[in-house]
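Spelled out from the first residue to the last, the chains are:
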Amino acid sequence: MGAGIAAGFVLTGILAGVLGFFLTGDLDWKVRLGATVMSFLVATPALCSLGFAIGLSGRLRRLGMGIVIGSILMTAITAGAFLLI
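What counts and how
- The residue numbering used here restarts from 1 in each chain and proceeds along that chain's sequence as written.
- With the structure being a predicted model, the display of local features is reserved for residues of pLDDT at least 70 and the display and counting of side-chain atom pairs for 80 or more, all residues being used for whole-chain, interface and lining totals.
- By convention in this description, side-chain values take in all heavy atoms of the structure and omit both hydrogens and water.
- Under the DSSP-based scheme used, a helix requires at least four consecutive residues in state H or I and a strand at least two consecutive residues in state E, with every element numbered from the N terminus.
- Throughout, exposure labels follow a simple rule: accessible area from a 1.4 Å probe, protein chains only, divided by the maximum for the residue type, with under 20% read as buried, over 50% as exposed, and the rest as partly exposed.
- By the convention used here, residues are in contact when the closest approach between their heavy atoms is within 4.5 Å.
- Computed by Shrake-Rupley with a 1.4 Å probe, the accessible areas treat only the displayed protein chains as cover when residues are assessed.
- Given the number of residues in a helix, its expected span is that number minus one, multiplied by 1.5 Å.
- The convention used is that axes are lines fitted to C-alpha atoms, helices contributing only their stretch in contact, and that angles between N-to-C directions extend from 0 to 180 degrees.
- Working definition: roughly parallel below 35 degrees, roughly antiparallel above 145 degrees, roughly perpendicular at 65 to 115 degrees, and oblique for all remaining angles.
- Crossings are assigned a handedness: left-handed for a near helix turned anticlockwise from the far helix by less than a right angle, right-handed for a clockwise turn.
- Amino acids outside the nonpolar list (Ala, Val, Leu, Ile, Met, Phe, Trp, Tyr, Cys, Pro) and the charged list (Asp, Glu, Lys, Arg) are all regarded as polar, and Gly is one of them.

Asks: Describe in detail the overall build of the protein, supporting the description with residues and values.
Replies: Scanning the protein for helices and strands turns up three helices and zero strands. Mapped from its N terminus to its C terminus, the protein presents α and β elements in the order α-α-α. Referenced to the eigenvectors of the C-alpha coordinate spread, the extents of the protein come out at roughly 45 × 25 × 15 Å. Burial statistics for the protein: of 85 residues in total, 32% are counted as buried. Taking as baseline every contact in the protein between residues at least 6 positions apart, the subset at least 24 positions apart corresponds to 59%. Accessible area for the protein stands at about 5,300 Å²; split by element, carbon and sulfur atoms hold 78% of it.

Now the structure itself:
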């Protein structure tokens, strides 16, 4: 479960970062940060779907559910940090 949480945490951050930073073009940091936070709307459901698909396997159920939990935690922490800025 711990490895799945870490994997979900890291994969969500990487996917949202790629979508937010590289797809926005040459804009200032506030726009890129906002785009990264908005891209969590794409990254979180994608990783949750991946986690549930992995969780359908009997041997990898804990890993899949850990990915789901890690993805949700990363989104909540990042959204909270964005609201504080």
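Asks: Any chance you could break down the side chain of threonine 44 for me, citing the residues and the numbers?
Replies: On the secondary structure map, threonine 44 appears in helix H2 (residues 29-55). The residues contacting threonine 44, other than those within four sequence positions of it, are Thr12, Ser71 and Thr75.

Asks: Account for helix H3 (residues 61-84), naming residues and giving values.
Replies: An ideal rise of 1.5 Å per residue puts 34 Å on 24 residues; H3 measures up with 35 Å between its terminal C-alpha atoms. Along H3, the positions that sit buried rather than exposed are Gly64, Gly66, Ile67, Val68, Gly70, Ser71, Met74, Thr75 and Thr78. Tucked inside the fold, the buried residues of H3 contact helix H1 (2-22) and H2.

Asks: Describe the packing of H1 against H2, listing the residues and the values that go with them.
Replies: Two packed helices can be described by the angle between their axes and the distance between those axes. Across the interface, H1 lies against H2 with an axial gap of 7 Å and an inter-helix angle of 130 degrees. Considering their axes alone, H1 and H2 lie oblique with respect to each other. When you trace H1 past H2, the crossing you get is right-handed. Note on element contacts: H2 touches H1 through Trp29, Arg32, Ala35, Thr36, Ser39, Phe40, Val42, Ala43, Thr44, Ala46 and Leu47, opposite Leu11, Thr12, Leu15, Ala16, Gly17, Leu19, Gly20 and Phe21.

Asks: Can you explain the packing of H1 against H3? Please cite residues and give values.
Replies: For the pair H1 and H3, the least separation of the axes is 6 Å and the interaxial angle reads 45 degrees. On the basis of the axis angle, H1 is oblique to H3. Relative to H3, the crossing made by H1 is right-handed. Contact with H1, carried on its side by Ala3, Gly4, Ile5, Ala7, Gly8, Phe9, Thr12 and Gly13, involves Leu63, Gly66, Ile67, Ile69, Gly70, Ser71, Leu73, Met74, Thr75 and Ile77 of H3 and no other residues of that element. By residue class, the composition of the contact of H1 with H3 is 10 nonpolar, eight polar and no charged.

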